[in-house]
Amino acid sequence: MGEGLRESLRELATACSLPAALEAMGERWSFLILRGSFNGLHHFEEFQSELGIARNILANRLGRLVAHGILERRPCPEDRRKIEYCLTEKGYALLPTMVALRQWGERWETGVTASPVLVDARDRKPIRPVQVLSHDGRALGRGDLIWSLPEDVSPAEAAEAAE
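Predicted, not measured: the structure shown is a model, and the values here were computed from it.

This brings us to helix H7 (residues 95–110). Three or more residues of H7 are buried, namely Met98, Val99, Gln103, Gly105 and Glu106. Those residues of H7 that are buried are in contact with helix H3 (28–38). Count one or two residues on from H7 and you reach Gly111, which has phi positive near 75 degrees.

Listed below in structure tokens is the structure:
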């Protein structure tokens, strides 16, 4: 990835999607709230007791996740006075990112497999490491990737990559 297109990192700070994604999610409480959502937590009190987070910080992070369209606030079906926080499609789309970050942390930061282990529901075997795949499904390493301007990507290849 070091060869090829040279980018202005100063311009990327405002035009790149990575800083925008980090703005939406970029601190640990947001990731832990999201993990709790993936694990079935829905109510303010559940997040607060499970995470041990201060109420004001939790309210701020939940509001931010709602504002970014990652969670949505809904009245609870059994008690319309109570609010639940539910993952949106945009929130569910963060699952591969969450898994990749967790796997990275296990390998490079903690050095141990986290508990509980994430497994395939069908056969209860651990999932494989998240990888970058080519348009035809090949696993790609750092020597296989280059940056390319949109006008230098063939329309058919760009459409396949978006799928």
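Time to look at the pattern of salt bridges. Side chains carrying opposite charge are able to pair once their charged atoms draw close together. What the rule picks out here adds up to six salt bridges. Between Arg138 and Asp136 there is a salt bridge whose closest N-O contact spans 3.0 Å. The class of Arg138 is partly exposed, set by a relative accessible area of 46%.

This part is about unusual backbone geometry. With an omega of 0 degrees, the peptide bond between Ser115 and Pro116 qualifies as cis. Assignment of secondary structure puts Pro116 in the loop between H7 and strand S3 (132–133). At Arg124, a position not held by glycine, the phi torsion is positive, near 60 degrees.

Parameters at a glance
- Starting afresh in each chain, residues are numbered from 1 along the sequence in its written order.
- Note on the predicted model: pLDDT of at least 70 is required for a residue's local features to be given, and 80 or more for side-chain atom pairs to be given and counted; whole-chain, interface and lining totals, by contrast, use all residues.
- Hydrogens and water molecules were not included; the side-chain quantities draw on all heavy atoms of the structure.
- Think of it in three bands: residues with accessible area under 20% of the maximum for their type are buried, residues over 50% are exposed, and the middle band is partly exposed, with areas taken using a 1.4 Å probe on protein chains only.
- For helices the rule is a DSSP run of H or I covering at least 4 residues; for strands it is a run of E covering at least 2, with both sets numbered from the N terminus onward.
- Here, residues are in contact when the closest pair of their heavy atoms is within 4.5 Å.
- Salt bridges are defined as contacts in which a side-chain nitrogen from Lys or Arg sits within 4 Å of a carboxyl oxygen from Asp or Glu.

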